[in-house]
Amino acid sequence: MRWRRPRPIQVVAAVCAVLAAGTVLVVFNRLSTAAGELGGPPQPQLIATVDLRLGDPVVATERGEAQAHKDLEAGLLQLQTFDPVEPRSPAEAEQARQWQQRWGVTWVRKRGASTSVTQAYVRAYNRVMGAEIARRHGHRALAELLARPGCAASAAACS
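Source: prediction; values computed, not measured.

## Here we look at a nonpolar patch on the surface
A cluster of nonpolar side chains, namely Val24, Val27, Phe28 and Leu31, defines an oily patch on the protein surface of about 380 Å² accessible area. Within the secondary structure, Leu31 sits in helix α1 (residues 8-37).

Below you can see the structure in the form of structure tokens.
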């Protein structure tokens, strides 16, 4: 069998294959070098995910607790409620002002529809905030705050 001279297309294909393999090796080498330059062990690559549990009350509970802890770290003491849309009465506004002066607690009115997810969020938020209010000011102060008119109508909105 005699050696045949390769066609030009075969030469081009062989050169491209060698260049592609070399490029892949260079890229992997740079990635491993960059991971080593960070000073620690190589970091895992970021992977984007989509959380399909956004409408889950369990996730809303976790988010409510996390937000309450963030607000406490920021120095805020507040409780959330789903009150009717009509404006506050002057007596209720005065009572809220007194609570703010006496204990530093404000009420945040959540607008929009009260769903199971939003109720779970508010319950978890108020549970964490209520524990902190009771720790700072006593259970009597917390009972007085939760005995407001809006809370009597809807226990889920305030507890």
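## Describing the nonpolar core
Counting residues in each nonpolar core, the largest one holds 22 residues, and the members touching the most others are Leu77, Leu79, Trp103, Val105, Met129, Ile133 and Leu145. When residues of this core are traced back to their parent elements, those giving at least two are α2 (57-73), β1 (77-81), α3 (90-103), β2 (105-109), α4 (116-137) and α5 (139-146). In terms of residue count, α4 provides more of this core than any other element does, nine residues in total. Once residues lying within four places of it in the same chain are set aside, the contact partners of Leu77 are Leu72, Trp103, Gly104, Val105, Thr106, Met129, Glu132, Ile133, Arg136 and His137.

## With respect to the pairing of β1
Where burial is concerned, most of β1 is hidden: five out of the five residues are buried. Here β1 shows no split at all, with Leu77, Leu79 and Thr81 on one side and Gln78 and Gln80 on the other all buried. Pairing between β1 and β2: five bridges, direction parallel. Directly across from Gln78, in β2, lies its bridge partner Thr106.

## Observations concerning the packing of aromatic side chains
The full count for this structure, using the stated rule, is one aromatic pair. The interplanar angle of 20 degrees and the centroid separation of 6.4 Å between the aromatic rings of Tyr121 and Tyr125 together place this pair among those described as stacked. Separated by four residues within a single helix, Tyr121 and Tyr125 lie in helix α4, roughly one turn from each other. With respect to class, Tyr121 is no different from Tyr125; both count as buried.

## A look at α3
The terminal C-alpha atoms of α3, which comprises 14 residues, lie 20 Å apart, in line with the 20 Å expected from a rise of 1.5 Å per residue. Here α3 has its buried residues at Glu92, Ala96, Trp99 and Trp103. Seen along its axis, α3 keeps its buried residues to an arc of 65 degrees; they face one direction. Pointing more than 90 degrees away from the buried face of α3 are the exposed residues Pro90, Ala91, Gln101 and Arg102. Buried residues belonging to α3 abut β1, β2, α4 and α5. One or two steps after α3, the chain reaches Gly104, where phi turns positive at roughly 75 degrees.

## Remarks on the packing of α3 against α5
Working note: a packed helix pair is described by the angle between its axes plus the distance between those axes. Two elements in contact, α3 and α5, have axes separated by 12 Å at closest approach and are oriented at 160 degrees. The orientation of α3 with respect to α5, classified from their angle, is roughly antiparallel. The crossing of α3 and α5 is left-handed. From α3, Trp99, Arg102 and Trp103 reach across to α5, where they touch Ala141, Glu144 and Leu145. Among the residues making up the contact of α3 with α5, the classes are represented as four nonpolar, no polar and two charged.

## Comments concerning the environment of Thr81
If you trace the backbone, Thr81 turns up in strand β1. Judged by relative accessible area, Thr81 falls into the buried class, the value being 0%. Along the primary structure Thr81 and Arg123 are separated by 42 residues, whereas in three dimensions their C-alpha atoms are 9.1 Å apart.

## Some remarks on the side chain of Asp71
Of note, Asp71 is situated in helix α2. An unpaired buried charge is present at Asp71: no salt bridge exists, and Lys70, the closest side chain of opposite charge, is 8.2 Å distant. Within polar-contact distance, the side chain of Asp71 engages the side chain of Gln78 at 3.3 Å. If we ignore the near neighbours within four places in the chain, the residues touching Asp71 are Leu76, Gln78, Tyr125 and Met129.

Conventions and cut-offs
- Residues numbered from 1 in each chain as written.
- Predicted model: local features only at pLDDT ≥ 70, side-chain atom pairs only at ≥ 80, totals over all residues.
- Heavy atoms only, no water.
- Patch = residues over 30% accessible without salt bridge, like charges linked within 9 Å, V, L, I, M, F, W, Y side chains within 5 Å.
- Areas by Shrake-Rupley, 256 points an atom, 1.4 Å probe, with all protein chains shown as cover.
- Salt bridge = Lys/Arg side-chain N within 4 Å of Asp/Glu carboxyl O.
- Helix = DSSP H or I, 4+ residues; strand = E, 2+ residues; numbered from the N terminus.
- Core = buried A, V, L, I, M, F, W, Y, C linked by side-chain atoms within 4.5 Å.
- Buried < 20%, exposed > 50% of the residue type's maximum accessible area, 1.4 Å probe, protein only.
- Contact = heavy atoms within 4.5 Å.
- Pairing = 2+ DSSP bridges.
- Phe/Tyr/Trp six-rings, centres within 6.5 Å; stacked < 30°, edge-to-face > 60°.
- Expected span 1.5 Å × (residues − 1).
- Arc of directions from axis to C-beta.
- Axes fitted to C-alpha atoms, helices over the stretch in contact; angles between N-to-C directions.
- Parallel < 35°, antiparallel > 145°, perpendicular 65-115°, else oblique.
- Left-handed = near helix turned anticlockwise from the far one by under 90°.
- Nonpolar A, V, L, I, M, F, W, Y, C, P; charged D, E, K, R; others polar.
- Lys, Arg positive; Asp, Glu negative; His and termini not counted.
- Polar contact = N/O pair within 3.5 Å; in protein donor to acceptor, adjacent residues only side chain to side chain.

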